[in-house]
Amino acid sequence: MDNTIKKIVIVGGGTAGWMSAALLKKVLGPVVQITLVESEQIATVGVGEASIPPIQHVNKVLGIDEAEFLRETRATMKLAIRFENWYRDGEGYFHTFGAAGQSSAFCQFHHYWVRARQAGLSESLWHYDLNYRAACEGRFAKLATADTRLEMPYAYHFDAGLYGAYLRKVSEALGVERVEGLVEKVQLNSDTGVVESLHLAGGKCLEGDFFIDCSGFRGLLIQQALGVGFDDWSHWLPCDRAVAVPSERFVKTLPYTRAIARPNGWQWRIPLQHRNGNGLVYSSRFLSDDEAAAQLLANLESEPLAEPRITRFRTGRARAPWRGNVVAVGLASGFLEPLESTSIHLIQSAIVRLLKYFPHGGIHPQVVAQYNHQSRLEYEQVRDFLILHYRLNRRDDSDFWRQLAQMSIPHSLEHKLSLFAEQGVLLRENNDLFAESSWLQVMLGQGIEPADYHPQAKAMSDGQLRDFLAHTEQMKMAPLAQMPEHDAFLHLYTGG
Ligand SMILES: Cc1cc2nc3c(=O)[nH]c(=O)nc-3n(C[C@H](O)[C@H](O)[C@H](O)COP(=O)(O)OP(=O)(O)OC[C@H]3O[C@@H](n4cnc5c(N)ncnc54)[C@H](O)[C@@H]3O)c2cc1C
């Protein structure tokens with residue numbers, strides 16, 4: 001029997017559907033025929049405007065010109081997220097994509113900083129982080145350097161609707177066929193249980209060898225047809241709704257996202273070239289939709305450009321994102337609130353994983369199990385990182401925050417927190433999306449300062465430590481004075 005996969009059918013034309021289509025077609029070329037079906041009757045989620053640095057790999061693989069991408073999606077540059085009021089009202093910290101200082105092979109920079117701090121240093125760790133200083137000064141430049149200590153990693157803020165349209169254009173140019181239609185029935189093989197075809201309203205039938213479920217929260221194939229089940233994590237991450245509204249752009253665009261804690265949730269503010277994206281993420285147990293919309297509108301700093309729109313969601317993941325000949329990608333595979341802008345990245349990493357394990361010579365259960373295992377780990381690591389932000393809050397203004405500060409947390413996270421608090425040790429699990437510097441910044445920002453530091457940081461004399469810190473700052477900040485303002489960079493780079 002020929003079990004080569006030749007026909008792939010993707011259900012859904014949101015970011016997940018079009019990114020899957022573009023990457024699969026780009027990599028597999030004429031080996032597969034790809035059809036994407038989407039229905040104009042079912043809107044895409046339409047939010048998803050902040051990204052993290054690995055998105056640049058997607059663009060590179062697809063051969064996308066960065067300046068064109070910025071123009072087409074009205075994008076701005078993102079160096080960091082600023083968390084405001086998360087620890088206590090009135091206090092804030094950055095989670096940048098960079099890293100403070102320079103680390104030795106055995107001892108990370110923060111150990112030296114902790115030692116200096118305990119001896120009275122007043123500078124924060126971020127003082128030695130170029131991303132932070134450029135973000136605060138509203139500057140941006142693309143730094144061409146082979147020295148990783150001198151990099152300034154970045155991502156983008158973009159218009160989600162325009163990004164989807166752009167990926168569609170790329171996919172269609174590569175040869176992906178788009179079908180407009182509502183999938184009404186999923187036909188399973190009565191013996192094997194695999195999906196054979198999709199029946200659309202109006203009678204059309206789409207057959208395929210392999211199916212990608214990008215149908216969004218409804219999980220048309222993976223949940224409704226195959227019923228793989230869902231791990232619900234709302235006891236750790238209780239927010240289940242968001243209200244979003246665009247507003248007029250500010251005169252000056254910041255090169256970072258703002259995530260502002262509010263009495264019953266948090267608000268995002270994402271600067272684009274032509275407008276701001278705003279939203280309030282909240283728990284329906286603590287806030288009604290009307291109250292949420294009113295609070296969001298009251299906290300906009302520019303005029304709203306549309307009516308507020310509510311999205312409901314459930315936090316957690318599909319138990320088996322790959323079952324038989326179906327892989328769920330995007331919201332169909334799970335959702336974690338947008339606090340660290342991870343959803344589009346999870347789409348990207350699911351497709352990369354699928355491509356790595358792409359079936360040939362049959363679908364092997366071990367491969368499927370490995371894919372599902374890696375997907376679970378990835379989701380759990382992001383989940384733990386998000387819980388960290390909530391669990392360490394010291395806000396005392398609502399039951400929402402008080403309950404979160406007292407919740408029991410996964411053992412994996414408990415262990416990380418206590419090691420850091422006692423010894424400044426950062427444990428990075430295999431392939432954790434968030435590197436040590438991310439955990440470090442959020443743990444410090446949420447109020448943990450390590451009690452001890454690595455022995456190598458004790459080996460320097462006081463004078464050597466002072467010189468090392470001064471030299472590090474000078475080296476890291478050397479490019480700062482030449483950097484243009486963020487808007488000037490965008491103008492020049494995009495020719496806009
Ligand atoms: C409030 C909020 C904020 C977010 N912010 C960010 C962010 O800042 N950064 C980030 O990375 N991510 C963010 N996300 C996540 C991001 O929006 C999604 O990961 C991304 O849009 C992918 O969505 P999707 O393509 O999986 O689903 P959707 O956008 O829901 O698309 C589903 C598609 O399936 C089609 N479909 C469904 N049923 C059928 C059917 N029966 N027949 C035919 N077609 C069908 C629909 O027509 C649609 O085209 C956010 C999400 C939310 C809810």
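Per an unreviewed UniProt entry, the chain is named Tryptophan 7-halogenase, and its organism is Gilvimarinus algae.

Draft legend 1. Summary view of the pattern of salt bridges. Under the definition given, this model contains 34 salt bridges. The residue Arg314 makes a salt bridge to Asp232 at a minimum N-O spacing of 4.0 Å. Residue Arg314 is found in the loop between β17 (309-312) and β18 (316-318), and its partner Asp232 is found in strand β12 (residues 230-232); the two are separated by 82 residues along the sequence. For Arg314, a relative accessible area of 46% puts it in the partly exposed group. Look at Asp232 and you get partly exposed, because its relative accessible area is 32%. Across the pair Asp289 and Arg241 runs a salt bridge, and its minimum N-O distance is 2.9 Å. On the criterion of sequence distance, the pair formed by Asp289 in helix α8 (residues 289-298) and Arg241 in strand β13 (residues 241-248) is long-range, its members being 48 residues apart. A relative accessible area of 16% means that Arg241 is categorised as buried. Connected through salt bridges with shared partners, the residues Arg82, Glu84, Arg258, Arg269 and Glu301 form a single ionic network.

Draft legend 2. Examining the environment of Ser197 more closely. Examined against the element boundaries, Ser197 turns out to sit in strand β9 (residues 195-200). Taking the relative accessible area as the measure of exposure, Ser197 reaches 6% and is therefore buried. Residues Ser197 and Gly208, 11 residues apart in the sequence, show an inter-C-alpha distance of 6.1 Å. Once you skip the residues sitting within four places of it in the chain, Ser197 turns out to touch Lys185, Val186, Gln187, Cys205, Leu206, Glu207 and Phe211.

Draft legend 3. Spatial organisation of the sheet that holds β9. Spatial strand order, β8-β9-β10: three strands in an open sheet with antiparallel pairing. In this open sheet, the two edge strands, each paired with only one partner strand, are β8 (183-188) and β10 (205-207). Strand-to-strand, the axes of this sheet are offset by a mean angle of 20°, without reference to chain direction. Of the pairings in the sheet, the one linking β8 to β9 comprises five bridges and is antiparallel in character.

Draft legend 4. Quick peek at the site of the ligand. Of all residues adjacent to the ligand, which total 33 residues, the nearest are Ile42, Val47, Ala50, Val183 and Ile344. In this structure, Ala50 approaches the ligand through a main-chain N or O atom, which is 2.7 Å from a nitrogen atom. A distance of 3.5 Å is found between an oxygen atom of the ligand and a backbone nitrogen or oxygen belonging to Cys214. Here the ligand has 1,000 Å² of accessible area as a free molecule, and 97% of this is covered by the chains.

Draft legend 5. Representation of the environment of Phe420 in the model. Counting through the fold element by element, Phe420 comes out in helix α12 (residues 411-423). Separated by 32 residues in sequence, Phe420 and Asp452 place their C-alpha atoms 9.0 Å apart. Not counting chain neighbours up to four residues away, the residues in contact with Phe420 comprise His110, Val425, Leu426, Leu440, Met443, Leu444, Ile448 and Pro450.

Draft legend 6. Quick look at the pairing of strand β16 (residues 275-282). Burial within β16 is extensive, with eight of its eight residues counted as buried. Here β16 shows a buried face lined by Arg275, Gly277, Gly279 and Val281 and a second buried face lined by Asn276, Asn278, Leu280 and Tyr282. Both β13 and β16 contribute to a ladder of eight bridges, which runs antiparallel. In the sheet register, Pro246 faces β16, and the bridge partner there is Gly277. When strand β15 (residues 265-271) meets β16, the two strands line up antiparallel, connected through seven bridges.

Cut-off values and rules
- Residues numbered from 1 in each chain as written.
- Predicted model: local features only at pLDDT ≥ 70, side-chain atom pairs only at ≥ 80, totals over all residues.
- Heavy atoms only, no water.
- Salt bridge = Lys/Arg side-chain N within 4 Å of Asp/Glu carboxyl O.
- Helix = DSSP H or I, 4+ residues; strand = E, 2+ residues; numbered from the N terminus.
- Buried < 20%, exposed > 50% of the residue type's maximum accessible area, 1.4 Å probe, protein only.
- Contact = heavy atoms within 4.5 Å.
- Pairing = 2+ DSSP bridges.
- Axes fitted to C-alpha atoms, helices over the stretch in contact; angles between N-to-C directions.
- Near = heavy atom within 4 Å.
- Polar contact = N/O pair within 3.5 Å; in protein donor to acceptor, adjacent residues only side chain to side chain.
- Areas by Shrake-Rupley, 256 points an atom, 1.4 Å probe, with all protein chains shown as cover.

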